[in-house]
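Structure assessment
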Amino acid sequence: MGTVIKTSDCGRKQSLFLKKYNKIERNKVLKFYLETDSFRLIVGLNDKRSWCQAHSKIILIGEHAVVYGYPAISLPLLEVEVTCRVVPAETPWRLFEEDTLSMAVYASLEYLNIKEAYIRCQIDSAIPEKRGMGSSAAISIAAIRAVFDYYQAELHHDVLEILVNRAEMIAHINPSGLDAKTCLSSHPIRFIKNVGFEELTMDLSAYLVIADTGVYGNTSEAIQVVKNKGKDALP
C-alpha cells in the first residue's frame, strides 16, 4: 500500500497555519477569518468543514515534449499554493464534465461510493491559471484531499495520484502525469511518461526567476506544435 494521508492531517495544518504567526500577526489572521466566517473552520469548532492545500510546480526542461516520452525535469513550488474548502450545501453537488475541479470532486465521490453529496467547494489560489504552473493539478489535489477529509476517509497516496490524473484528463486530454507527480512531491524530479521518475538533489547557488508575460498558454495547442516540430525533425 502507498503512503496514507490521515484525515486529521489537514486539521494539523490548520493549527500550524496559525502557530507560524507571532501574536500580533495571529490576531490579524484570526480577525480576518472571523470577518469572512472562516474562523470556525480554522480553529476546528464543531462544524463539518474541510480545508486542504496543494502546491504548484514549474518545468525546467522538457515541457510538452514529455507527453511524447521525452524526459523532463520539474521543480515543486512549495510556497505557491491553492486552498480548497469543502463546506455543507443545501443542494446536492452536480458534475460539470468540462471543469477540472468538478471532475476531481466527482472522482472522489465515486471512489467513496457517495451518491448524493450536499457539499460545495471554495477555491482560494495563488497559482495563476494557464501559465504552466500546474494550476489544474494543484486544484485537483487540494479538492480530493478536502473531500476525503470532509468524509473522514483515509486517502492513500497512490489513490490520490490516480484520481488526480483522472481529473487532469479533463484539463489536458492526454496528460503526461508530470504535473500531478510534481505537485505531489516536495523534491525536484526527473520524469519520463509511462517509465517512471526519480527525485533529484539540487544544490545550486542560483535563483530561478519566473516571469508572467500576461499571455494565457494553451496546453493542447502547444503539445500539437511540439508534435509537429518532432515530425519535421525526422529524416
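This report concerns the structure included in the present document. Predicted, not measured: the structure shown is a model, and the values here were computed from it.

**Some thoughts on the pairing of strand β2 (residues 50-61)**
Among the twelve residues in β2, ten count as buried, and that is most of the element. Looking at chain direction, β2 and strand β3 (residues 72-88) are connected through eleven bridges and run antiparallel. Of the residues in β3, the one forming a bridge with His55 is Glu81.

**What about the state of the cysteines?**
Evaluation of the coordinates by the stated rule reveals zero disulfides. Of all cysteine sulfurs, the one in Cys84 lies closest to Cys121, which takes part in no disulfide; the gap is 4.1 Å. You can call Cys121 partly exposed: its relative accessible area is 22%.

**Focus: a nonpolar patch on the surface**
On the surface, a nonpolar cluster with roughly 580 Å² of combined accessible area is contributed by Leu60, Ile61, Met202, Leu204, Leu208 and Ile210. By secondary structure assignment, the location of Leu204 is in the loop between β7 (196-199) and α8 (219-233). Taking relative accessible area as the criterion, Leu204 reaches 66% and is therefore assigned exposed.

**Focus on the packing of helix α4 (residues 100-111) against helix α5 (residues 135-150)**
Following both chains from N to C, one finds α4 and α5 inclined at 35 degrees, their axes separated by 9 Å at the closest point. Considering only the axes of α4 and α5, their crossing is right-handed. Between α4 and α5, the residues in contact are Thr100, Leu101, Ala104, Val105, Ser108, Leu109 and Tyr111 and Ser136, Ile139, Ser140, Ala143, Ile144, Val147 and Phe148, respectively. Looking at side-chain class alone, the contact of α4 with α5 contains ten nonpolar, four polar and no charged residues.

**Things to note about the packing of aromatic side chains**
Counted by the stated rule, this structure contains two aromatic pairs. Between the aromatic rings of Tyr111 and Phe148, the centroid separation amounts to 6.0 Å while the plane-to-plane angle is 40 degrees, which identifies the pairing as tilted. A residue pair is termed long-range when its members are at least 10 positions apart, and Tyr111 in helix α4 and Phe148 in helix α5 qualify at 37 residues. With a relative accessible area of 1%, Phe148 lands in the buried category.

**Structural notes on the pattern of salt bridges**
Between side chains of opposite charge, a pair can form when the charged atoms approach closely. Within the structure shown, the criterion is met by five salt bridges. In this structure, the salt-bridge partner of Glu110 is Arg166, at a minimum N-O distance of 2.8 Å. Of this pair, Glu110 sits in helix α4 while Arg166 sits in helix α6 (residues 157-172); the two residues are 56 residues apart in sequence, bridging distant segments of the chain. Arg166 sits in the partly exposed class, given a relative accessible area of 29%.

**Quick word on unusual backbone geometry**
In this structure, Gln152 is a non-glycine residue whose phi angle is positive, near 55 degrees. Within the secondary structure, Gln152 sits in the loop between α5 and β5 (155-156). Positioned with a positive phi, Asn194 is a non-glycine residue whose angle comes to about 65 degrees. As for its position among the elements, Asn194 is in the loop between β6 (189-192) and β7.

Cut-offs and rules
Residues numbered from 1 in each chain as written. Predicted model: local features only at pLDDT ≥ 70, side-chain atom pairs only at ≥ 80, totals over all residues. Heavy atoms only, no water. Buried < 20%, exposed > 50% of the residue type's maximum accessible area, 1.4 Å probe, protein only. Helix = DSSP H or I, 4+ residues; strand = E, 2+ residues; numbered from the N terminus. Pairing = 2+ DSSP bridges. Disulfide = S-S within 2.5 Å. Patch = residues over 30% accessible without salt bridge, like charges linked within 9 Å, V, L, I, M, F, W, Y side chains within 5 Å. Areas by Shrake-Rupley, 256 points an atom, 1.4 Å probe, with all protein chains shown as cover. Salt bridge = Lys/Arg side-chain N within 4 Å of Asp/Glu carboxyl O. Axes fitted to C-alpha atoms, helices over the stretch in contact; angles between N-to-C directions. Left-handed = near helix turned anticlockwise from the far one by under 90°. Contact = heavy atoms within 4.5 Å. Nonpolar A, V, L, I, M, F, W, Y, C, P; charged D, E, K, R; others polar. Phe/Tyr/Trp six-rings, centres within 6.5 Å; stacked < 30°, edge-to-face > 60°.

Worth remembering: the numbers are spatial, not functional.
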